[in-house]
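# Report on the structure
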Amino acid sequence: MSGVHDRFVRYTFSQPERAAAELRAALPSHVVSSVDWSSLQRESGSVVDPELRQTETDLLFTARLCTGHPVLLYVLLEHQSTVDRWMALRMLRYVVRLVEYWRQEHPESEQLPVILPLVMYHGEDGAWTAARRVEDLFALPGEGEEEQERWRALVPRFKYLLDDLTAERAEALLARPGPPLVRLAWLLLRYGRSEELARKLREWVALFAQVLEEQEGNEHLKTVLHYLLWIGDEAVHEATGRVLDSVVDARRAEELMRSYGEELMERGRQQGFTRGRETGREEGLLRGRAEAVLRLLTGRGFHVDEASRQLILSCSDVATLDRWIDRAIHATSLSEVLAPPSQ
């Protein structure tokens, strides 16, 4: 599931204009007022070693201050389902690697650029509770605060910035300045693991419509739809279908659902290759297609009874599953989807 969040966050915040909204919301006010935001640009992630890139979603941006002084803005977007108590150490490691890279690229420089590490958190464990200062990770000798402070002065000091979406209410996220896609992404990340999501979606229809009106609105909406259908339960899928019906016409809704069905089928094929000995390639292909049928049906707002669910999951004929996927995109009832080929 972490890969689903990673793709959604990277799609939303990889563009400088949309990343700027997150940075403006999370960075200290004196930093926000000092940055020349027109200079913000995304940098290659090659400065971070492959081992770290396999486990993190890192976005690196550079910008200049209004005075012309360069600043490195390093954004780590956190998607773990549990709070990571070692995040301060991990972020320090990133900063050190960035500094080392800077020295290699600028051997003539006698000073280092300012690097602002930021973690955006939206996990399911409630508010972020891990230490934000690396010095808080050390076991300091002494009993009293005064004695421990003397020891604390001797260990490395470092603090990362935090945007804890779980601590924000929907009204506050909606009020943040930024493009419609970014504001919708904040809300979906905030409530994506919450039982409130299905109800909240109905309150955000106007925001969905604003996303659709953007220059790449159709692609934005497709990405949001895929994200919701991957992370949500049946209630969320049904609510998503109703929102979709409210903001797009029938033809566009069918195109979006067909695109989603194709993606599910492709991921089903990939699952067949990766499940290996435990399930086998063929079983992985069948399971992926069956799950595609179920997700499309719930996304269209159809109630799938347990007997029909088991019929779909137990189907061992690829052609039948593909037929059900195609029908699920435009059918008007569950019986129409599952009807024999002759009907």
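Up top is the structure.
From a predicted model like this one, the values you see are computed outputs, not experimental measurements.

## Here we look at the overall build of the chain
Across its full length, the chain carries 17 helices and 5 strands. With 343 residues in all, the chain has 48% of them scored as buried. Residue pairs at least 24 apart in sequence account for 64% of intrachain contacts in the chain once pairs closer than 6 positions are excluded. Surface exposure of the chain reaches about 17,400 Å², of which carbon and sulfur atoms provide 48%.

## A short note on the environment of valine 224
Mapped onto the fold, valine 224 is located in helix H11 (residues 217-231). Sequence separation between valine 224 and phenylalanine 8 is 216 residues; the distance between their C-alpha atoms is 7.7 Å. Here valine 224 is in contact with Phe8, Leu181, Leu184, Leu188 and Phe208, once residues within four sequence places are set aside.

## A closer look at the environment of leucine 311
Its place among the elements puts leucine 311 in helix H15 (residues 306-313). Of the residues examined, leucine 311 reaches a relative accessible area of 43% and is grouped as partly exposed. Placed 27 residues apart in sequence, leucine 311 and leucine 338 show a C-alpha to C-alpha distance of 9.3 Å.

## Observations regarding the packing of aromatic side chains
Overall, the coordinates contain 3 aromatic pairs when judged by the stated rule. Centroid distance phenylalanine 8 to tyrosine 227: 4.1 Å. Interplanar angle 10°. Geometry classified as stacked. Here the residue phenylalanine 8 occupies a position in helix H1 (residues 2-13), and tyrosine 227 occupies one in helix H11, the gap between them amounting to 219 residues. A relative accessible area of 2% places phenylalanine 8 in the buried class. Ring geometry for tyrosine 191 against tryptophan 204: centres 6.0 Å apart, planes inclined by 55°, an arrangement best described as tilted. Residue tyrosine 191 is located in helix H8 (residues 180-191), and its partner tryptophan 204 is located in the loop between helix H9 (197-203) and helix H10 (205-213); the two are separated by 13 residues in the primary sequence. Judged on exposure class, the residue tyrosine 191 and its partner tryptophan 204 are both buried. Stacked on the ring of tyrosine 11, the Lys or Arg arginine 18 has its end atom at 5.6 Å from the ring centre.

## What to know about H11
Between the first and last C-alpha of H11 there are 21 Å, a value that for 15 residues agrees with the 21 Å anticipated at 1.5 Å per step. With 12 of its 15 residues buried, H11 lies for the most part within the structure.

## Looking at the nonpolar core
One finds Leu188, Leu201, Trp204 and Phe208 to be the most contacted residues of the largest nonpolar core, which totals 81 residues. Residue contributions to this core peak at 9 residues, all from H8. Those residues in contact with tryptophan 204, other than ones at most four positions away along the chain, are Leu184, Leu187, Leu188, Tyr191 and Leu197. If you look at the next biggest cluster of nonpolar residues, it comprises 18 residues, including Leu72, Val95, Val99 and Trp128.

## Digging into the packing of H10 against helix H12 (residues 234-247)
Here H10 crosses H12 at 55°, and the two axes come no closer than 10 Å. It follows from the interaxial angle that H10 and H12 lie oblique. You can see that H10 and H12 cross each other, and the crossing is right-handed. In this structure, H10 contributes Val205, Phe208, Ala209 and Leu212 to the contact, and H12 contributes Val243, Ser246 and Val247. Split into classes, the residues belonging to the contact of H10 with H12 amount to 6 nonpolar, 1 polar and no charged.

## Observations regarding H10
Along H10, the positions that sit buried rather than exposed are Leu207, Phe208, Val211 and Leu212. Relative to the axis of H10, the buried residues are bounded by an arc of 145° and lie together on one face. Of the exposed residues in H10, those oriented more than 90 degrees away from the buried face are Ala206 and Glu213.

## Some remarks on the pattern of salt bridges
Applying the stated criterion across every chain yields a total of 12 salt bridges. Because the salt bridges share partners, they merge into one network encompassing Glu145, Glu149, Arg152 and Arg157.

## Digging into the packing of H8 against H10
Where H8 contacts H10, the two axes come as close as 8 Å, and the packing angle between them is 140°. When the axes of H8 and H10 are compared, the pair comes out oblique. The element H8 and its partner H10 pack so that their crossing is left-handed. Of the residues in H10, those touching H8 at Pro180, Leu181, Arg183, Leu184 and Leu187 are Leu207, Phe208, Gln210 and Val211. Looking at the contact of H8 with H10 residue by residue, the classes come out as 7 nonpolar, 1 polar and 1 charged.

## A short note on the environment of alanine 19
Among the structural elements, alanine 19 can be located in helix H2 (residues 16-26). By relative accessible area, which is 4% here, alanine 19 ends up buried. In sequence terms alanine 19 and leucine 40 are 21 residues apart; their C-alpha atoms lie 8.9 Å from each other. Contact partners of alanine 19, with chain neighbours within four places excluded, come to Phe13 and Phe61.

Cut-offs and rules
Residues numbered from 1 in each chain as written. Predicted model: local features only at pLDDT ≥ 70, side-chain atom pairs only at ≥ 80, totals over all residues. Heavy atoms only, no water. Helix = DSSP H or I, 4+ residues; strand = E, 2+ residues; numbered from the N terminus. Buried < 20%, exposed > 50% of the residue type's maximum accessible area, 1.4 Å probe, protein only. Contact = heavy atoms within 4.5 Å. Areas by Shrake-Rupley, 256 points an atom, 1.4 Å probe, with all protein chains shown as cover. Phe/Tyr/Trp six-rings, centres within 6.5 Å; stacked < 30°, edge-to-face > 60°. Lys NZ or Arg CZ within 6 Å of the ring centre and 35° of its normal. Expected span 1.5 Å × (residues − 1). Core = buried A, V, L, I, M, F, W, Y, C linked by side-chain atoms within 4.5 Å. Axes fitted to C-alpha atoms, helices over the stretch in contact; angles between N-to-C directions. Parallel < 35°, antiparallel > 145°, perpendicular 65-115°, else oblique. Left-handed = near helix turned anticlockwise from the far one by under 90°. Nonpolar A, V, L, I, M, F, W, Y, C, P; charged D, E, K, R; others polar. Arc of directions from axis to C-beta. Salt bridge = Lys/Arg side-chain N within 4 Å of Asp/Glu carboxyl O.

Function cannot be read off these values alone, since they describe shape.
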